[in-house]
Amino acid sequence: MIIQSFRSDNDLTLLYSSQTQLYPFLTGSGFDTVSYQKDSIDGDIPSSGYNNTGINSVRVGASCGFIGDEAFESCSISELNFQEGVTGIGAFSFADNRISYLKMPESLVEIDSGCFSNALSQASVEFNSTLTSIPERAFFNCSFSTLLDIPSNITSLSEESFGYCFFGSGFNIPSSIDKLPLRCFIECNITDNDLNIDTQTIGSGAFLGFVSDGADITVSTGVTSIEDFAFSNVYIENGQLNFNPSNNYIPKDCFNSSYIDKLVIGDNITNINPSAFYKFNPSAEFLSGNERTEYITDESKIVLGGQGTGGYISMAYDALDNPSVELNLLKFLDFTDPQNPVPYV
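As the structure is a computational prediction, the values presented were derived from the model and not from experiment.

Some thoughts on the sheet that holds strand β9 (residues 110-111)
Line of reasoning, step 1. Judged by pairing direction, the sheet is parallel, and its 3 strands sit side by side in the order β5-β7-β9 without closing on themselves. Two strands bound the open sheet, and with one partner strand each, they are β5 (66-67) and β9.

Observations concerning the nonpolar core
Generally speaking, nonpolar side chains in soluble globular proteins are found buried as a group.
Line of reasoning, step 1. Within the largest apolar cluster, 77 residues are counted, with the highest numbers of intra-cluster contacts made by Phe139, Phe185, Ile197, Phe207 and Phe231.
Line of reasoning, step 2. Only β4 (57-60), β6 (79-82), β8 (99-103), β10 (120-126), β17 (195-197), β20 (217-219), β22 (235-243) and β24 (259-265) provide two or more residues apiece to this core.
Line of reasoning, step 3. Aside from chain neighbours lying at most four places away, what touches Ile197 is Ile173, Leu180, Ile202, Phe207, Ile217, Thr218, Val219, Ser220, Val223 and Phe231.

Some details on the pattern of salt bridges
Line of reasoning, step 1. All chains considered together, the criterion is met by 4 salt bridges.
Line of reasoning, step 2. In this structure, Arg137 and Glu160 form a salt bridge, with 2.8 Å as the shortest nitrogen-oxygen distance. Within this pair, whereas Arg137 is found in the loop between β10 and β11 (143-144), its partner Glu160 is found in the loop between β12 (148-149) and β13 (166-167), the two being separated by 23 residues in sequence.
Line of reasoning, step 3. Here Arg137 falls in the partly exposed class, since its relative accessible area comes to 37%.
Line of reasoning, step 4. Its relative accessible area of 7% is what places Glu160 among the buried residues.

Focus: the environment of Ser176
Line of reasoning, step 1. Among the structural elements, Ser176 can be located in the loop between β14 (171-172) and β15 (179-180).
Line of reasoning, step 2. On the accessibility criterion, Ser176 (23% relative accessible area) is partly exposed.
Line of reasoning, step 3. Taking the C-alpha atoms as reference points, Ser176 and Ser156, separated by 20 residues in sequence, lie 8.1 Å from one another.
Line of reasoning, step 4. The contact partners of Ser176, leaving out residues within four places of it in the chain, are Pro151, Ser152, Ile154 and Thr155.
Line of reasoning, step 5. Within the structure, the side chain of Ser176 is placed 2.8 Å from the backbone oxygen of Ile154, a separation counted as a polar contact.

Notes on the packing of aromatic side chains
Aromatic rings considered in pairs are described by the distance between their centres and by the relative angle of their planes.
Line of reasoning, step 1. According to the stated counting rule, one finds 24 aromatic pairs in the structure shown.
Line of reasoning, step 2. Considering the side-chain rings of Phe127 and Phe139, the 6.1 Å spacing of their centres and the 70° angle between planes classify their relative orientation as edge-to-face. In this pair, Phe127 is assigned in the loop between β10 and β11 and Phe139 in the loop between β10 and β11, connecting sequence segments 12 residues apart. Phe139 carries the same exposure label as Phe127, and that label is buried.
Line of reasoning, step 3. A ring pair is formed by Phe139 and Phe162, whose centres lie 5.3 Å apart and whose planes are at 5°; its orientation type is stacked. Separated by 23 residues along the polypeptide, Phe139 in the loop between β10 and β11 and Phe162 in the loop between β12 and β13 bring together distant segments of the chain. Pair check on accessibility: Phe139 and Phe162 agree, each one buried.
Line of reasoning, step 4. Over the face of the ring belonging to Phe140 we find Arg137, whose NZ or CZ atom lies 4.1 Å from the ring centre.

Reading the values: rules and limits
- Going along each chain's sequence as written, the residues are numbered from 1 onward.
- Local features in this predicted model are restricted to residues of pLDDT 70 or higher, and side-chain atom pairs are both shown and tallied only at a pLDDT of 80 or more, whereas totals for entire chains, interfaces and linings draw on every residue.
- Each side-chain value is derived from all of the structure's non-hydrogen atoms; neither hydrogens nor water enter the calculation.
- Here, any two strands with at least 2 DSSP bridges between them count as paired.
- Counting from the N terminus, the helices are the DSSP runs of H or I reaching at least four residues and the strands are the DSSP runs of E reaching at least two.
- By nonpolar core is meant a set of buried Ala, Val, Leu, Ile, Met, Phe, Trp, Tyr and Cys residues that side-chain atoms within 4.5 Å join together.
- Three labels apply to residues, based on accessible area from a 1.4 Å probe with only protein chains included: buried if under 20% of the type maximum, exposed if over 50%, partly exposed otherwise in between.
- Contacts are assigned to residue pairs that have any heavy atoms within 4.5 Å of one another.
- Salt bridges are defined by distance alone: a side-chain nitrogen of Lys or Arg within 4 Å of a carboxyl oxygen of Asp or Glu.
- Whenever two N or O atoms come within 3.5 Å, that pair is a polar contact, provided that in protein one can donate a hydrogen and the other can accept it, and provided that, for residues adjacent in sequence, both atoms are side-chain atoms.
- Aromatic contacts are taken between Phe, Tyr and Trp rings whose centres are within 6.5 Å, Trp giving its six-membered ring; a plane angle under 30 degrees counts as stacked, one over 60 as edge-to-face, and the others as tilted.
- The criterion for a charge sitting over a ring is simple: Lys NZ or Arg CZ within 6 Å of the ring centre, and within 35 degrees of the ring normal.

This is the structure in structure tokens:
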């Protein structure tokens, strides 16, 4: 139960016991500030406690512990302040707000999916040194006005952790993160500040639809594995993508339908999947590491034609095990002149 409440102008302070059950009784109240204080450190702020209210400023006291799912979803919060003592934030707790500054207390060790989804607007964020993972859609559709400095204590991201975000001053990805998972940075936008990627694995579609204007993106030698569609539909203008992973392979549809002004491919790349550059920007500038225009595939081979299987084989020359034998099978030869059959490739 609530044991005491104070109201001053448009502010409300609640002092309640650990057994209190809170419900969204403030709906439509229009309170500017709500402060939470407790007489016990055992209680938590319950799920859906104050969602859809007119609150625009929240100060969470040291004894609040865990903040329940959807506790402050769809309010009008622009100012959020945590005191040390808050240990966890539930799913979608602060989703759909307009918070401009977020500082995580050192006591915070757990955040759940969607906790700040669509909640940060031109925001500045300070992570703590205790959080180790960022769950799915935790910062979905947020915008950041200052550099998002993800610290090295973060070791894992999840699907769409930062999907559809705008990074006005860039962001960094620490090498402590082993893998960028499925659609982790899907449809994100970055301007000016360069991005270095040094994680071991770039997952499928990790940067699907990523947009960069004026920034250089570097896939460094720390990357040992890249999955299909990793950079599909990427748009890089007024900058370049430096592609220099330690593995020598560009996988299927890696750059499918991408528009990149300049692509610098490391000298160690020796194997490219035939569909790696499907529908790629035809006017892109390709450079190898020594700054010369250079194609990895065999430029002496030209596709002449082919029907059915013959057409597929001719387009997949790089994948053949023994081209000198396989390309001279009868079904892959052009017999327009029966006396002088010509291979399709």
